[in-house]
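# Observations on the model geometry
Now for the letters of each chain:
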Amino acid sequence: MLPVSAEVKTSPVQKANFCSRLFVWWLNPLFKIGHKRKLEPDDMYSVLPEDRSQHLGEELQGYWDQELKRAQKDAQEPSLMKAVIKCYWKSYLIWGMFTFLEEGTRVVQPIFLGKMISYVEKYHLSDSATLHEAYGYAAGLSACVLVWAVLHHLCFYHMQRVGMRVRVAVCHMIYRKALRLSSPAMGKTTTGQIVNLLSNDVNRFDQVTMFLHYLWVGPLQAVAVTALLWMEIGISCLAGMAVLIITLLLQSCFGKLFSSLRSKTAALTDERIRTMSEVITGIRTIKMNAWEKSFIDLITRLRSKEISKILKSSYLRGMNLASFFTVSKIMIFVTFITNELLDNRITASQVFVVVTLFEALRFSSTLFFPMAVKKVSDAIISLRRIKNFLSLDEIPQLNTQLPSDGEMIVDMQDFTAFWDEESELPTLKGLSFTVRPGELLTVVGPVGAGKDLQNLKERDLTVTGDGGTPLSEGQKARVSLARAVYQDADIYLLDDPLSAVDARVSRHLFELCVRQALKEKITILVTHQLQYLKDASQILILKDDKTVERGTYSEFLKSGVDIFSLFEKRNKQPGSSPVLGTPTLISESLVRSPSSPRPSLKDAVPEDQDTENIQVTLPLEDYLEGKVGFKTYKNYFTAGAGWPLITFLILVNIAAQVAYVLQDWWLALWANLQINLYSGALVKEDVDVMLFLNWCLRVYSGLTVSTVLFGITRSLLIFYIFVNSSQTLHNKILESILRAPVSFFNSNPIGRILNRFSKDVGHMDDLLPLIFQDFIQAFLLVIGVIGVMVAVIPWIAIPVIPLGIAFFFLQRYFSETSRDIKHLECATRSPVFSHLASSLQGVWTIRTYKAEQSFQELFDAHQDLHSEAWFLLLTTSRWLAVYLDVICAIFVTVVAFVSLILADALTLGQVGLVLSLALTLMGMFQWCIRQRTEVENLMISVERVTGYLDLEKEAPWEYKDRAPPPWTNEGRILFHTVNFRHTLDGPLVLKNLTAVIESTKKVGIVGRTGAGKSSIFSAVFRLSEPEGSLWLDGCQTRDAGLHNLRKKMSIILQEPVLFTGTMRKNLDPFNEHTDKELWNALEEVQLKETIEGLPGKMDTALAETGSNLSVGQRQLVCLARVILKTNQILIIDKATSNVDPRTDELIKKAIHEKFSQCTVVTITHRLSTIIDSDKIMVLDSGTRKEYSPPHDLLQNSKSLFYKMVQQLGGAEATALTERAKQAHTKKK
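In this text the structure is predicted, and so the values were computed from the model without any measurement.

### Observations concerning the overall build of the protein
Broken down by element type, the protein carries 36 helices and 19 strands. Across the protein, contacts joining residues at least 24 apart in sequence account for 83% of those joining residues at least 6 apart. Accessible surface, the protein as shown: approximately 47,900 Å² in total, 58% of it carbon and sulfur.

Structure representation (structure tokens):
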């Protein structure tokens, strides 16, 4: 993650003078740095105070709050659009006025051009007064062009900045909302949807503000142009304007289609990103179950649906761009044909005034107006989606008041809570207890009994990797507990923090943290560790969602209450209420007390315990220096089509441009003919003249039709190829990522990976084809225009050559800095998504610690860092565009004056053609260069995506050149001097492990936290390649394909992984079993009755990651899933850590019955779980210390296992020893 630092350079724009701001001179020092070396994050300037995320977000939030109140008062739906308009309309409207003025200068230019051509028409050497007047018109034309160049970029820069502000403000609001969502509301959205809102939807604001003003400027300019055309050629102009109106109506219809397609596309994108998010989060489960192919198929199907909508929108975009390319030519053609049919005479000056007036509409009416329609349609859909998210319910903001006398108690009397507001059955009923300072209340009960008051996710918010990677669950639990203790609160709610650690550490944490550090605090401990009940001040036992017993340990002993028997439920059903969700009433768990002493934990590590040295290094997202290579372009093109189609596309592009240029040339020829007809030199009634005129019109018609056909074909073909490329590359990186080893996911945060699938793929879907097509059209247009100008007046080559050289070096100088800034923009974007994803995973922890404000500030800091790069991206683009257009303005000035000087040597057609083309070049040249730069910037997204094609890969899933190993299906595992490390350069976590796990045997693996227990199954499943020999059923595991190997075994992990969707989908993700088999599996784990009580039974939808089920219930679902697989080997990795002893017994019973003839390896901290195993392996620091039957180990008082049992306390140690003895006797 890039650092978020306050030590940044102040932006020089704050002290820049008027000229420096106008011509962007203040950026020159940055370009000098970029020319010398690669830009680093420290080179960026700090974001301007008025552009800071916090300021912008709070400002817009204020308007949104007002809108919510107004809507509530008027009983209407709130409108986010109204809030945005109220916030930004003043500044945005000012720049609309400047846009109107800028486009006004374009309308004036044809008038000056007409006057200059009139001078050439009436040219006489002796008329010096007329010459001076003509020079005046040339000067006026030059001034208009220069003013347009400056105003255009000034307006665009400020309008883009408004878009940036809206985006940043809305992102702030989305993140703020995400931290406040109520439990039912969290079930209505997903991480994928929120990431999509933040990656794709908010981008519409950057785009819509650039073009929005053209919705009214375009039509007004069209009215002004119509008036001028009427003055020039009369009623004939209406034919051309009719073409424009028809085109605009068609584009408006396209806008409605865009809106519909955008809505459908966004929903599909949400689903794809949500699925991708779940895949990345549950990657270990997916790999160990060999589900990669199935998930690739699932996401590929979702992508195909998404692409089908994207392709339709792309074709509409293609038609819009084709209309930009051709509509001005159609308008000119229709106007002159109409004029000819009406038998009107026309002068050369009128011909070229008409041409330039129609060309003046090219950008505003045929490019920017339809683009505005599309962008507004997109923005409205995005605003609606964001509004729906912002309108979701929030948790109530409770402000707890401390008692005036400073005394703090927790008092609950007849307390009832529901899973959600619509539920009829309460989750907690009639709960009553009182806890005072210095008291410890322990809450126990079966899975689903209603203990989890706070639903804390202990794995979240560590400062290591994503979700605590690569800490073990025990290490994460200790970090979480330490974090709670150091909060120095008065009230502590501890949700079973001791289950994820071994017995020794569990006892150590209980004694030093719970009993010592928190001895003066109010502590409520929810636990399944019954050995600690005797130390509690009070014990609260929950069953069937209500209190069944309350008292002290001694009271229970005196009254003869069997605590274990209270865990039994009717019909032995461990499920909870049939209504799923998370409690809507959240208690105040942490109330700070300024006067309470900070607990001291400096002696918390006993002398004989090794301090674990865990170092986590998350690499910064690096990027390539220099320009995007040819290989990236080649990969991009060839991913969408073969070389024959690409060659055809090139030929179509050339043909379209040749037809376009020949139209202009032919127009000059026709203009000369019109001059002769107008002057009377030729008579229209003459047969030869008539034939020649008809021939000219036929050729002109043919060229116009060719331009239209080739233009449309080119557009549709480019979009077809590029959308195909996007789909192909997406599918390739999907497979590449799922083929990557687990270590890749440990070192890359989920936000960084999702960034490729959301933002970068979004660019390839949406922006890149559009910008690339626009660049190709503009580039060929510029080449064609310059070619015609030089052909008409060869002297123009003299200024064109230095102009071309200047453009080349200027663009090259600019690209050196621009590329680095774009890379920085991409790199600073990823932390925003990573922070969002980790915040959503740990949202309950954030709320518990009242850390919303600090997390919001961190999000704002990430946004500000991204805004620094984005602001530079905007301003550097303007820097280039201003200079290019100023140079172009100088070129137009030279052409204008040279045309007057050489007037006697040129025909009217030549002068008119050169001047009109020079004006066409104005704006088109910088647009071409700008789009070319934008293409290269967007190609960085392709480069980032294709960079994931070369990831390190696991071994093949299957070997195609050889048959799978001849498994004997015995379930025998043999380790011979096995060494194992999680990464190639990481430390050894298993050292010279030698052991045999015989067929059908039940083996337990124990050891302190971090001893390497879970690494054993990582080695068996080859999550990283082990060294030494590891045999499975007589075959070396390294000889098998990974899927052949992993499908031979089943595993239940400590963290149960469920996916968004129905219960049926989670049990049988790929429809491999019948309903009867599914119900039988649920019955085996005693969930059948619970699931039958749900509204949709097995078709009931689960929330994201199954968060509306308790951890124990999720674990039972995973057990049912394993039962369906019927494999010979079962590995259980601390799967019962988070469940109560009776559910532990239930799981053990199900395993004993269903897997009696299978090899079962159980990794656990709960010694009672494996005390009756055939053998127990004790690990310490990755080394096998002991491996014998439990009874034998307990006979040796020096054994590590004996010491572990004794640490549980006398009573439980005796009970376990007796159980081990009974099991040993039975096996004899």
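### Some details on the packing of helix α7 (residues 191–201) against helix α21 (residues 750–792)
Taken N-terminus to C-terminus, the directions of α7 and α21 make an angle of 35°; their axes are 9 Å apart at the nearest point. Crossing angle aside, the handedness with which α7 passes α21 is right-handed. Contact with α7, carried on its side by V195, S199 and N200, involves L754, S758, K759 and G762 of α21 and no other residues of that element. A breakdown of the residues in the contact of α7 with α21 according to their chemical character gives two nonpolar, four polar and one charged.

### Thoughts on the sheet that holds strand β8 (residues 973–980)
Here four strands make up an open sheet; going across it, the order is β9-β8-β11-β12 and the pairing antiparallel. What marks the edges here is a single partner per strand, and that holds for β9 (990–997) and β12 (1035–1036). As defined by bridge partners, β8 adjoins β9 across five bridges and the pair is classed as antiparallel. Residue pairing across strands places V978 opposite L993, the latter belonging to β9. Docked against the sheet, helix α26 (residues 1013–1020) engages β8, β9 and β11 (1027–1032), running at close to 105° with respect to β8.

### Quick word on the pairing of strand β5 (residues 522–526)
Of all five residues that make up β5, five are buried, and the element is covered over most of its length. Of the two faces of β5, the one carrying I522, I524 and V526 and the one carrying T523 and L525 are both buried. Relative to β5, strand β4 (residues 491–495) is paired through five bridges, and the arrangement is parallel. Across the sheet, the residue bridging to L493 is I524, located in β5.

### Topic: the sheet that holds strand β18 (residues 1175–1180)
Reading across from one edge, β13-β16-β17-β10-β18-β19 is the order of the six strands in this open sheet, with mixed pairing throughout. Each of the sheet's edge strands pairs with one partner strand only, and the pair in question is β13 (1049–1052) and β19 (1183–1188). Averaged over neighbouring strand pairs, the angle between their axes works out to 15° when direction is ignored. Pairing between β13 and strand β16 (residues 1129–1133): four bridges, direction parallel. Across the sheet, S1050 pairs through a bridge with L1130, a residue of β16. Here helix α31 (residues 1111–1125) sits on the sheet and contacts β13 and β16; the angle it forms with β13, its principal contact strand, is near 175°.

### Observations concerning unusual backbone geometry
A positive phi angle, close to 55°, is found at A290, a residue other than glycine. Looking at A290, the relative accessible area reads 8%, which means it is buried. Non-glycine residue R1022 carries a positive phi angle of around 55°. Note on placement: R1022 falls in the loop between α26 and β11.

### Section: the pattern of salt bridges
Two side chains with opposite charge may pair up if their charged atoms get near one another. Enumeration according to the criterion identifies 42 salt bridges in this entry. We note a salt bridge from R161 to E50, for which the minimum N-O separation is 2.9 Å. Here R161, found in helix α5 (residues 128–180), pairs with E50, found in the loop between α2 (28–36) and α3 (53–74); they are 111 residues apart in sequence, far enough to count as distant. Judged by its relative accessible area of 8%, R161 is buried. With a shortest N-O distance of 2.9 Å, K387 and E77 are connected by a salt bridge. Of the two residues, K387 sits in helix α13 (residues 348–390) while E77 sits in the loop between α3 and α4 (80–121), which places them 310 residues apart along the sequence. A residue is classified by how much of its surface remains accessible, and E77, at 60% relative accessible area, is exposed.

### Focus: the pairing of strand β17 (residues 1159–1163)
In regular strands, side chains alternate between the two faces of the sheet. Here β17 lies mainly inside the structure; five of its five residues are buried. Taking every second residue as pointing to the same face, both faces of β17 are buried, with T1159, V1161 and I1163 on one and V1160 and T1162 on the other. Relative to β17, strand β10 (residues 1002–1007) runs parallel, the two sharing four bridges. Note on β17: the bridge partner recorded for I1005 is I1163.

### Describing a nonpolar patch on the surface
Taken together, the side chains of M81, I85, W89, L93, M97 and I380 define a hydrophobic patch exposed on the protein surface, amounting to about 530 Å² of accessible area. Checked against the element boundaries, L93 lands in helix α4.

### Brief notes about the packing of α4 against helix α9 (residues 214–233)
Here α4 crosses α9 at 25°, and the two axes come no closer than 10 Å. As judged from the angle between their axes, α4 and α9 are roughly parallel. In the crossing of α4 with α9, the sense of the turn from one axis to the other is right-handed. Touching G96, M97, T99, F100, E102, E103, R106, V107 and I111 of α4 are Y214, W216, V217, L220, Q221, A224, V225 and L228, all from α9. Partitioned by chemical class, the residues of the contact of α4 with α9 number 11 nonpolar, three polar and three charged.

### What to know about the packing of aromatic side chains
The tally for this structure, following the rule as stated, stands at 31 aromatic pairs. The interplanar angle of 85° and the centroid separation of 5.2 Å between the aromatic rings of F744 and F745 together place this pair among those described as edge-to-face. F745 matches F744 in its accessibility class, with the two residues each being buried. Cluster of aromatic residues (ring-pair linked, three or more members): Y636, F637, F722, F772, F775 and F779. The aromatic ring of W957 is capped on one face by R739, whose charged end is 4.0 Å from the ring centroid.

### Examining the side chain of T285
Mapping T285 onto the fold places it in helix α11 (residues 283–288). For T285, a relative accessible area of 7% corresponds to the buried category. When sequence neighbours within four positions are dropped, the list of residues in contact with T285 reads W291, L1053, V1057 and R1121.

### Comments concerning the environment of L874
Within the secondary structure, L874 is located in helix α24 (residues 852–901). For the pair formed by L874 and Y157, sequence separation is 717 residues and the distance between their alpha carbons is 6.8 Å.

### Observations regarding α4
With 42 residues, α4 should reach 62 Å at 1.5 Å per residue; the first-to-last C-alpha distance of 58 Å fits that figure. At W89, α4 is deflected by roughly 65°, the largest bend along its length.

### Focus: the confidence of the model for the protein
The pLDDT averaged across the protein works out to 80; a share of 85% of its residues lies at or above 70. The least confident element of the protein, judged by mean pLDDT, is helix α14 (residues 473–485) at 64; the most confident is α3 at 91. Across residues 1–6 the pLDDT falls below 50, and counting only partners more than four positions away or on other chains, this stretch makes 15 contacts in the model. This model gives residues 447–451 a pLDDT under 50, and the stretch forms 26 contacts once residues within four places in sequence are excluded.

Thresholds, definitions, all that
- The numbering scheme is per chain: residues are counted from 1 as the chain's sequence reads.
- Totals for whole chains, interfaces and linings use every residue, but because this is a predicted model, local features are given only for residues with pLDDT of at least 70 and side-chain atom pairs only at 80 or more, for both listing and counting.
- Side-chain descriptors were evaluated using all non-hydrogen atoms of the structure, hydrogens and water having been removed beforehand.
- Helix numbering and strand numbering both begin at the N terminus, where a helix is a DSSP run of H or I of at least 4 residues and a strand a DSSP run of E of at least 2.
- The contact definition used throughout considers only heavy atoms, calling two residues in contact when any of these lie within 4.5 Å.
- Each accessible area is a Shrake-Rupley result for a 1.4 Å probe, and residues are judged covered by the shown protein chains and nothing else.
- Helix axes are fitted to C-alpha atoms over the stretch in contact, other axes to C-alpha atoms as well, and angles between N-to-C directions run from 0 to 180 degrees.
- It is the rotation of the near helix from the far one that decides the hand of a crossing: anticlockwise by less than a right angle makes it left-handed, clockwise makes it right-handed.
- Ten residues, namely Ala, Val, Leu, Ile, Met, Phe, Trp, Tyr, Cys and Pro, are considered nonpolar, four, namely Asp, Glu, Lys and Arg, are considered charged, and the remaining ones, Gly among them, are considered polar.
- Only when DSSP finds a minimum of two bridges between them are two strands counted as paired.
- Relative accessibility under 20% of the residue-type maximum defines a buried residue, over 50% an exposed one, and the middle range a partly exposed one, all with a 1.4 Å probe and only protein chains included.
- In what follows, salt bridge is the name for a side-chain nitrogen of Lys or Arg lying within 4 Å of a carboxyl oxygen of Asp or Glu.
- Any residue with relative accessible area above 30% and no salt bridge may belong to a patch, with like charges joined within 9 Å and the nonpolar Val, Leu, Ile, Met, Phe, Trp and Tyr side chains within 5 Å.
- To sort the angles, those under 35 degrees are grouped as roughly parallel, those over 145 as roughly antiparallel, those from 65 to 115 as roughly perpendicular, and the leftovers as oblique.
- When two rings of Phe, Tyr or Trp (its six-membered ring) have centres within 6.5 Å they constitute a pair, described as stacked for plane angles under 30 degrees, edge-to-face for angles over 60, and tilted for the intermediate range.
- The criterion is that NZ of a Lys, or CZ of an Arg, lies within 6 Å of the ring centre and within 35 degrees of the ring normal, and then a charge sits over that ring.
- Here, expected helix span is obtained from the residue count minus one, scaled by 1.5 Å.
- Two axes enter the definition of the bend at a residue: one is fitted to the seven residues ending there, the other to the seven starting there, and the bend is the angle between them.
- The predictor attaches a confidence to each residue, and that confidence, scored 0 to 100, is pLDDT.

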